[in-house]
Amino acid sequence: MTVASDRKDVRINNQILILETIKKFGRMSRAEVSKAIHLSAPSVSTNVDKLLELGLLREVGEGKSATGRKPIMLEIVEDYRVVAAVDLSSDPVVVALSDLHGNLIDQCLVMVNGDVITQDTFQSTIYALHTLLRRHRVTTDKLYKIGIAAPGVIDEETGFYINAPRIANYRSVNLRKMFSEEFAAEVVVKNDTNLAALGEWHHGGLEDSRNLIYILADSGIGAGLMLNNHVYHGSHGTAGDIGYLLASFAGCDDQLFDSIGSGYAILKAATKELREKEPEVLASFAVPEGKHLDFVQFRKLLDARNVICCEILKQAVAVWGKVLTNICVLLDLDTVVVGGRLAYWEDEFLSPVCAFVNTNMPFRVKIVPSKLDGNAALTGAVSTILEDVFSNLVSD
């Protein structure tokens with residue numbers, strides 16, 4: 001390596017450090033930057049001038065000064081590039097634009113017809129993203145990257161799916177190729193629950209947690225793991241697929257956690273027992289044969305203290321308590337974040353699960369509802385493509 005290349009690397013690293021410092025603290029003067037990163041004033045000034053020339057920084061007026069000249073303040077040009085993010089795991093699908101600070105610029109929704117995502121859904125999503133880009137006059141050179149939160153397991157080398165029950169003909173689907181060819185941009189596709197875990201860690205007030213699990217507790221069950229401050233994928237990319245855990249209880253024919261503890265399983269079990277013992281309750285909600293209660297109807301029955309519904313949820317709490325205790329002991333987790341509609345039942349579900357776990361644990365675990373709610377995966381998609389943004393922009 002030559003002296004010239006060494007100097008270039010130092011200069012690039014200093015510029016990245018300056019940008020990251022201003023992003024963290026907001027508007028700063030050159031002197032404040034110099035003090036914060038322990039870099040000489042002349043070096044800071046030279047690198048700031050280069051960043052102003054590139055258009056990554058701008059001067060925004062004078063700051064305060066007790067004596068002498070008032071300093072010129074600097075800030076990042078947050079719309080220097082635009083980031084696109086897509087959450088294919090939500091229904092409806094969410095398509096969004098973000099600036100370099102991760103702030104939402106705009107978003108739109110794409111309806112999913114049925115439980116399976118089809119080629120029509122992908123085409124509608126592409127059209128929605130084109131619409132957002134045109135609306136905000138984002139040209140190809142201004143689109144930094146596209147991040148996609150997708151259900152299922154993806155081969156990160158090829159971009160093809162390994163497993164994805166919610167996606168029709170998933171083995172022939174390559175989202176990375178599909179979107180990169182359409183938008184001439186780099187595309188990052190990650191598992192939705194892994195991105196949700198990252199989103200909660202970055203923006204859910206959990207950056208002090210080193211080891212956490214994000215669990216989506218909705219119609220189905222899925223999870224993403226953050227171990228030692230990094231997303232953990234496992235040997236086959238399926239770490240966190242806790243729906244496959246064995247979790248049966250007395251009198252239950254099913255074995256899998258997803259078949260017993262998911263929202264769908266709870267609603268299905270409640271409907272079956274009500275149909276046998278209290279058919280008039282189902283009639284009052286006009287639940288037809290072959291269908292089950294929805295979350296809103298089940299919530300109303302909980303509020304009415306329906307014995308059958310309360311007992312079924314109590315059984316689910318016990319299953320969840322045992323499963324989470326085992327997971328937390330095995331991985332030595334400090335935090336469990338629960339998202340999805342089951343987390344809305346905080347008093348009836350989340351609090352008793354927390355009590356069960358911490359009664360049986362050798363150490364206390366924080367169990368909290370998601371702060372980002374349905375935006376966790378989308379937020380994680382934005383976060384993951386902004387991790388190295390300044391390094392890439394300065395190096396270009």
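These notes cover the structure that comes with them. All figures in this text were calculated on a predicted structure; none of them were measured in a lab.

1. Quick notes on the packing of helix 8 (residues 263-277) against helix 10 (residues 295-303)
Then comes step 1: It is the contact of helix 8 with helix 10, at a shortest axis distance of 11 Å, that shows an interaxial angle of 60°. Overall, the two elements helix 8 and helix 10 adopt an arrangement that is oblique. Between helix 8 and helix 10 the crossing geometry is left-handed. Touching Gly-263, Ile-266, Leu-267, Ala-270 and Leu-274 of helix 8 are Phe-295, Phe-298 and Leu-301, all from helix 10.
Then comes step 2: Of the residues contributing to the contact of helix 8 with helix 10, the split by class is seven nonpolar, one polar and no charged.

2. Thoughts on helix 12 (residues 346-360)
Then comes step 1: Taking 1.5 Å of rise per residue, 15 residues should cover 21 Å, and helix 12 covers 20 Å from first to last C-alpha, within 8% of that figure.
Then comes step 2: Three or more residues of helix 12 are buried, namely Phe-349, Leu-350, Val-353, Cys-354, Val-357 and Asn-358. Relative to the axis of helix 12, the buried residues are bounded by an arc of 135° and lie together on one face. Of the exposed residues in helix 12, those oriented more than 90 degrees away from the buried face are Asp-347 and Thr-359.
Then comes step 3: Each element contacted by the buried residues of helix 12 is listed here: helix 11 (307-331), strand 14 (335-339) and strand 15 (366-369).

3. Digging into the pattern of salt bridges
Then comes step 1: Counted under the stated rule, the structure contains 16 salt bridges.
Then comes step 2: Put simply, Glu-75 and Arg-27 hold a salt bridge, and the shortest N to O gap is 2.9 Å. With Glu-75 in strand 3 (residues 72-76) and Arg-27 in the loop between helix 1 (3-25) and strand 1 (28-29), this residue pair connects regions lying 48 residues apart in the sequence.
Then comes step 3: For Glu-75, a relative accessible area of 15% gives the class buried.
Then comes step 4: One salt bridge connects Lys-177 with Glu-181, and the closest N-O pair in it is separated by 3.0 Å. Placement of the pair is Lys-177 and Glu-181 together in helix 5 (residues 175-183), with a separation of four residues, close to one helical turn.
Then comes step 5: Take Lys-177: its relative accessible area is 45%, and that puts it in the partly exposed class.
Then comes step 6: Ionic contacts of the salt-bridge type, sharing partners, join the residues Arg-27, Arg-58, Glu-75 and Glu-78 into one network.

4. As for the packing of helix 4 (residues 119-135) against helix 5
Then comes step 1: Between helix 4 and helix 5, the shortest axis-to-axis distance is 12 Å and the interhelical angle comes to 35°. Crossing angle aside, the handedness with which helix 4 passes helix 5 is right-handed. Where helix 4 abuts helix 5, its residues Gln-119, Phe-122, Thr-125, Ile-126, Leu-129, His-130 and Leu-133 lie against Leu-175, Met-178, Phe-179, Glu-182 and Phe-183.
Then comes step 2: For the contact of helix 4 with helix 5, a count of residues per class yields eight nonpolar, three polar and one charged.

5. Topic: the sheet that holds strand 3
In a beta sheet, neighbouring strands are held together by backbone hydrogen bonds and run either parallel or antiparallel to one another.
Then comes step 1: Spatially, the three strands line up as an open sheet ordered 1-3-2, and their pairing is antiparallel. If you trace the sheet from one side to the other, it starts and ends with strand 1 and strand 2 (57-62), each paired once.
Then comes step 2: When strand 1 meets strand 3, the two strands line up antiparallel, connected through two bridges. Looking across to strand 3, one finds that Ser-29 is bridged to Met-73.
Then comes step 3: In this fold helix 3 (residues 41-54) packs onto strand 2 and strand 3, with an angle of close to 110° to the strand it touches most, strand 2.

6. A short note on the side chain of Thr-193
Then comes step 1: Mapped onto the elements of the fold, Thr-193 is located in helix 6 (residues 192-203).
Then comes step 2: A residue is classified by how much of its surface remains accessible, and Thr-193, at 8% relative accessible area, is buried.
Then comes step 3: When neighbours within four sequence positions are excluded, Thr-193 is seen to be in contact with Tyr-214, Leu-216, Gly-222, Ala-223 and Gly-224.

Cut-off values and rules
- Residues numbered from 1 in each chain as written.
- Predicted model: local features only at pLDDT ≥ 70, side-chain atom pairs only at ≥ 80, totals over all residues.
- Heavy atoms only, no water.
- Axes fitted to C-alpha atoms, helices over the stretch in contact; angles between N-to-C directions.
- Helix = DSSP H or I, 4+ residues; strand = E, 2+ residues; numbered from the N terminus.
- Parallel < 35°, antiparallel > 145°, perpendicular 65-115°, else oblique.
- Left-handed = near helix turned anticlockwise from the far one by under 90°.
- Contact = heavy atoms within 4.5 Å.
- Nonpolar A, V, L, I, M, F, W, Y, C, P; charged D, E, K, R; others polar.
- Expected span 1.5 Å × (residues − 1).
- Buried < 20%, exposed > 50% of the residue type's maximum accessible area, 1.4 Å probe, protein only.
- Arc of directions from axis to C-beta.
- Salt bridge = Lys/Arg side-chain N within 4 Å of Asp/Glu carboxyl O.
- Pairing = 2+ DSSP bridges.

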